[in-house]
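Coordinate inspection notes
What follows is the residue order along each chain.
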Amino acid sequence: MNKRLSTSHWFNEELFNEALVKGFLLVIGSSCLLLIVLNVMAEKYQVAFTEAILLMLTVFIWFCPTQWRYYKWLVLLYVAFIFAGILVGISTSPLYSGRQVWVLIFPMTSYLMLGKRTGFWLSGVCLCLVSIILFLRFYDDFGEGLIGIVVNLFLAYTFLWGLTHGAERIHKKMLYALKKIASTDPLTSLANRRNVSQTYQYQLQQALNMGDELALVLIDLDNFKKINDTHGHDVGDAVLVDFAERLREHVDDNEQLFRLGGEEFCVFMPAAQSKDWSVTFCEYVHDTVFDFADLEIHYTISIGVSYSQEESGDFKHLYRIADQRLYKAKSLGRNCVVLTDN
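In what follows, the accompanying structure is described. (Residues numbered from 1 in each chain as written. Predicted model: local features only at pLDDT ≥ 70, side-chain atom pairs only at ≥ 80, totals over all residues. Heavy atoms only, no water.)

So, about the nonpolar core. If you look at the biggest cluster of nonpolar residues, it comprises 38 residues, and the most contacted ones within it are Tyr-78, Phe-106, Met-113 and Leu-134. Taken together, the elements giving at least two residues each to this core come down to α2 (13-41), α3 (45-63), α4 (71-92), α5 (105-114), α6 (116-142) and α7 (144-182). Among the elements that line this core, the one with the most residues is α4, at 10 residues. Excluding its chain neighbours within four sequence positions, the residues that come into contact with Phe-106 are Phe-83, Ile-86, Ser-123, Cys-126, Leu-127, Val-130 and Tyr-157. One finds Val-217, Phe-281, Tyr-307 and Leu-339 within the second-largest nonpolar core, a separate group that totals 32 residues. (Core = buried A, V, L, I, M, F, W, Y, C linked by side-chain atoms within 4.5 Å. Buried < 20%, exposed > 50% of the residue type's maximum accessible area, 1.4 Å probe, protein only. Helix = DSSP H or I, 4+ residues; strand = E, 2+ residues; numbered from the N terminus. Contact = heavy atoms within 4.5 Å.)

Structure, rendered in structure tokens:
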């Protein structure tokens, strides 16, 4: 169960970002608990009260649903409260206290909680305010030495911002690559059945926008087991690759093509062209010999077609109808197309 949850977080950007935010909240909440205890023991009750407020906000955001309409505003308030606390701490503490280093949480915190654009401007404003506070309070005492401190803060801030931004970009690229690998058939390089229902919804909308319905063309290679048994699985794989190439040559958009498993393939297309395409493609496969090594392999296909106006356009029902018509094409002797139940 844990492995499945972990996988879903890697493949879902929203879940992954939510996990990062929860990790950040856990660190802030734990720190608040520790600091509240320490400040109460030191009789710094005002500071402890402020940290208690931050702890309550942390807990509230932890349990607040991200779909809530005011969630982003709440997060903005939360981050601003943290930053304001850091600014107050810097403005009331001596330079040697080291509280100025807390400015280094600005880039990661703002980027993680608010996104790139809002986080950049908010953390930039806070960094400028920190610099102003330091110069107003300590320039008379430290002079040019303070300039070096501020410059180092800016450089460290820039480095952490760039590191955070780079990590996010790398994660997005990795996420895209993982999704691509997971949704692609390794043998034919066609899409597999992982995202077929989502793609169907997109293709259906495209067809409706053109004033047409969508056809689900289900294709099965005839007697494929016999090819494997006679010539071996290497030849069988070569036949599947050859058939995938034939599909690509006869369909303009590769996003419409799927290998559903074994020797079963699926094509989405506008309903108006599905009949002519299916008949023509079936005849083309029949009339074209596949040359592989020293072999000439002749294979055929059977096709069952369903349409989005049937069964209210639900993909599972359409697949069932197309599968029934494909089975009927097999029972009629194979190498044919079945478009209706009649």
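Back to the write-up after that little detour.
Together, Leu-34, Leu-35, Val-37, Leu-38 and Met-41 make up a nonpolar patch on the protein surface, roughly 490 Å² of accessible area in all. Mapped onto the elements, Val-37 comes out in helix α2. (Patch = residues over 30% accessible without salt bridge, like charges linked within 9 Å, V, L, I, M, F, W, Y side chains within 5 Å. Areas by Shrake-Rupley, 256 points an atom, 1.4 Å probe, with all protein chains shown as cover. Salt bridge = Lys/Arg side-chain N within 4 Å of Asp/Glu carboxyl O.)

Now for the packing of α5 against α7. Interhelical geometry of α5 versus α7 gives an angle of 30° and a closest axis separation of 8 Å. What the angle tells us is that α5 and α7 run roughly parallel. For α5 against α7, the interelement crossing comes out right-handed. Contacts between α5 and α7 involve Phe-106, Pro-107, Met-108, Ser-110 and Tyr-111 from the first element and Tyr-157, Leu-160, Trp-161, Thr-164, His-165 and Glu-168 from the second. Here the residues of the contact of α5 with α7 sort into 7 nonpolar, 3 polar and 1 charged. (Axes fitted to C-alpha atoms, helices over the stretch in contact; angles between N-to-C directions. Parallel < 35°, antiparallel > 145°, perpendicular 65-115°, else oblique. Left-handed = near helix turned anticlockwise from the far one by under 90°. Nonpolar A, V, L, I, M, F, W, Y, C, P; charged D, E, K, R; others polar.)

On the surface, a cluster of positive charge is contributed by Lys-116, Arg-117, Arg-169 and Lys-173. Contributions of two or more residues to the positive patch are made by α6 and α7. Mapped onto the fold, Lys-173 is located in helix α7. Given the relative accessible area of 56%, Lys-173 is considered exposed. (Lys, Arg positive; Asp, Glu negative; His and termini not counted. Charge placed at Lys NZ, Arg CZ, Asp CG, Glu CD.)

Its location among the elements puts Ile-61 in helix α3. Among residues more than four places away in sequence, those in contact with Ile-61 are Leu-25, Tyr-71, Leu-74, Val-75 and Tyr-78.

Attention now moves to the sheet that holds strand β6 (residues 301-307). Taken in spatial order, the 5 strands line up as β2-β3-β1-β6-β7 in an open sheet, and their pairing is mixed. Of all strands in the sheet, those with a lone pairing partner are β2 (257-261) and β7 (337-338), marking the two edges. Bridge count for strand β1 (residues 214-221) against strand β3 (residues 264-270) is 7 bridges, and the pairing is antiparallel. Counted as the bridge partner of Asp-220 is Glu-264 from β3. (Pairing = 2+ DSSP bridges.)

This brings us to helix α11 (residues 271-287). Since the α-helix turns once every 3.6 residues, residues separated by three or four places project in the same direction. Here α11 spans 25 Å end to end across 17 residues, near enough to the 24 Å set by a 1.5 Å rise per residue. At Trp-277, α11 is deflected by roughly 25°, the largest bend along its length. Burial in α11 covers these residues: Ala-271, Ser-274, Trp-277, Ser-278, Phe-281, Cys-282 and Val-285. Taken together, the buried residues of α11 touch β1, α10 (233-250), β3, β6 and β7. (Expected span 1.5 Å × (residues − 1). Bend = angle between axes of the 7 residues up to and from the residue.)

As for its placement among the helices and strands, Gln-206 is situated in helix α8 (residues 196-209). Residue classification places Gln-206 among the partly exposed positions, given a relative accessible area of 35%.

Turning to the pairing of β2, a few remarks are in order. Counting buried positions along β2 gives 4 out of 5 residues, so the element sits mostly inside the fold. Pairing of β2 with β3 involves 4 bridges; the strand directions are antiparallel. Following the sheet pairing, Gly-261 is matched in β3 by Glu-264. Hairpin geometry of β2 and β3 is characterised by an intervening segment of 2 residues between the two adjacent antiparallel strands and by a positive phi of about 55° at Gly-262.

Another aspect to go through is the pattern of salt bridges. Opposite charge on two side chains lets them pair, provided their charged atoms get close. Applying the stated rule across the entire model yields 6 salt bridges. Salt-bridge contacts for Lys-225 lead to Asp-229; the nearest nitrogen and oxygen are separated by 2.8 Å. One end of the pair is Lys-225 and the other is Asp-229, both in helix α9 (residues 224-231) and 4 residues apart, which spans about a single turn. This pair shows no difference in class: Lys-225 is exposed, exactly as Asp-229 is.

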